[in-house]
Amino acid sequence: MKSDEYYMKLAIEEAKKAAAIDEVPIGAVLVLNDEVIALAHNLRETQQRSIAHAELLVIDEACKRTGYWRLDSATLYVTLEPCAMCSGAIVLSRVTRVVYGASDPKGGCAGTLMNLLQEQRFNHQAEVVSGVCEDECSQLLSSFFREIRRKKKEEKKTTTGTS
């Protein structure tokens, strides 16, 4: 059986694919019985679809591949803590375990702002493991947003004619 770190490294590679196309670098991998069923990365900007988060895309692909909407016994690896929308999809698809890298202080719903994945009022809860390859996941995001800020600053200088 491969380690959480092994699968998170695959999710990080997916996140790098997102960064390469100017998407927020978030990657996800869905594993069932120690086999990768699906991989995905953010495509929200590319596709101009608010729901094109890595987690939703990987869940959708896994359901297509397995032919079943219930992903019992599956583990979802994602580089950033899932948001409310993704957490809802995780609960509804019955993913058993969620492993994430970086916490999301602005939108994390797997323990940071709230914990929808372990909300007892739902009919399903997922085990949550946080902080796997956290530094690498955080660095990907920090570098991405730092570069965006730098580009905006350069554009502003060009537009205003200052140097």
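Conventions used here
- Residues numbered from 1 in each chain as written.
- Predicted model: local features only at pLDDT ≥ 70, side-chain atom pairs only at ≥ 80, totals over all residues.
- Heavy atoms only, no water.
- Helix = DSSP H or I, 4+ residues; strand = E, 2+ residues; numbered from the N terminus.
- Buried < 20%, exposed > 50% of the residue type's maximum accessible area, 1.4 Å probe, protein only.
- Lys, Arg positive; Asp, Glu negative; His and termini not counted.
- Salt bridge = Lys/Arg side-chain N within 4 Å of Asp/Glu carboxyl O.
- Contact = heavy atoms within 4.5 Å.
- Axes fitted to C-alpha atoms, helices over the stretch in contact; angles between N-to-C directions.
- Parallel < 35°, antiparallel > 145°, perpendicular 65-115°, else oblique.
- Left-handed = near helix turned anticlockwise from the far one by under 90°.
- Pairing = 2+ DSSP bridges.
- Expected span 1.5 Å × (residues − 1).

I'm lost on the side chain of Asp104 in this one. Help?
The residue Asp104 is located in the loop between strand E4 (97-102) and strand E5 (127-129) in this model. Despite its burial, Asp104 pairs with no opposite charge; the closest candidate is Lys106, at 7.4 Å N-O.

Explain unusual backbone geometry here, please?
Residues other than glycine predominantly adopt negative phi, and peptide bonds predominantly adopt the trans conformation. The backbone of Asp34 sits at a positive phi, close to 60°, despite the residue not being glycine. Relative to the helices and strands, Asp34 is located in the loop between strand E1 (27-32) and strand E2 (35-41). Residue Asp34 is classed as partly exposed on the basis of its relative accessible area, which comes to 30%. We note that Arg94 has phi near 65°; this positive angle belongs to a residue other than glycine. Counting through the fold element by element, Arg94 comes out in the loop between helix H4 (84-92) and E4.

Would you mind showing me how to read the environment of Val98 here?
Mapped onto the elements of the fold, Val98 is located in strand E4. Using a relative accessible area of 0% as the deciding quantity, one classes Val98 as buried. Along the backbone, Val98 and Ala74 are 24 residues apart, and their C-alpha atoms lie at a distance of 8.7 Å. In this structure, Val98 is in contact with Leu76, Pro82, Ile90, Leu117, Ala126, Glu127, Val128 and Val129, ignoring residues within four places of it in sequence.

Could you clarify how one ought to interpret the packing of helix H3 (residues 54-66) against H4 in this entry?
What describes two packed helices is the angle between their axes and the distance between those same axes. Axis separation between H3 and H4 bottoms out at 9 Å; the angle between their running directions is 20°. The orientation of H3 relative to H4 falls into the category roughly parallel. As for the relative orientation of H3 and H4, their crossing is left-handed in sense. Every residue of H4 that contacts H3 at Glu55, Leu56 and Ile59 is listed here: Met85, Cys86, Ala89 and Ile90.

How should the sheet that holds E4 be read in this particular structure?
The strand order across the open sheet formed by five strands is E2-E1-E3-E4-E5, and the pairing between neighbours is mixed. Each end of this open sheet is capped by a strand with a single partner; those strands are E2 and E5. Between one strand and the next, the sheet's axes are offset by a mean angle of 15°, whatever the strand orientation. Contacting E1, E2 and strand E3 (74-80), H3 crosses the sheet at an angle of about 140° to E2.

Can you help me understand the pairing of E2 in this one?
Regular strands place side chains that alternate from one sheet face to the opposite one. Bridging between E1 and E2 involves six bridges; their strand directions are antiparallel. Across the sheet, the residue bridging to Ala28 is Ala40, located in E2. Where E1 hands over to E2, the hairpin turn is made up of two residues, of which Asn33 adopts a positive phi near 55°.

Sorry if this is basic, but what is going on with helix H5 (residues 134-160) here?
Helical periodicity: at 3.6 residues per turn, an α-helix aligns residues three or four positions apart in one direction. For H5, with 27 residues, the first-to-last C-alpha span of 39 Å sits near the 39 Å given by 1.5 Å per residue. All of the buried residues along H5 are Cys137, Leu140, Leu141 and Phe144. Looking at the buried positions of H5, the neighbouring elements they touch are helix H1 (4-20), E3 and E4.

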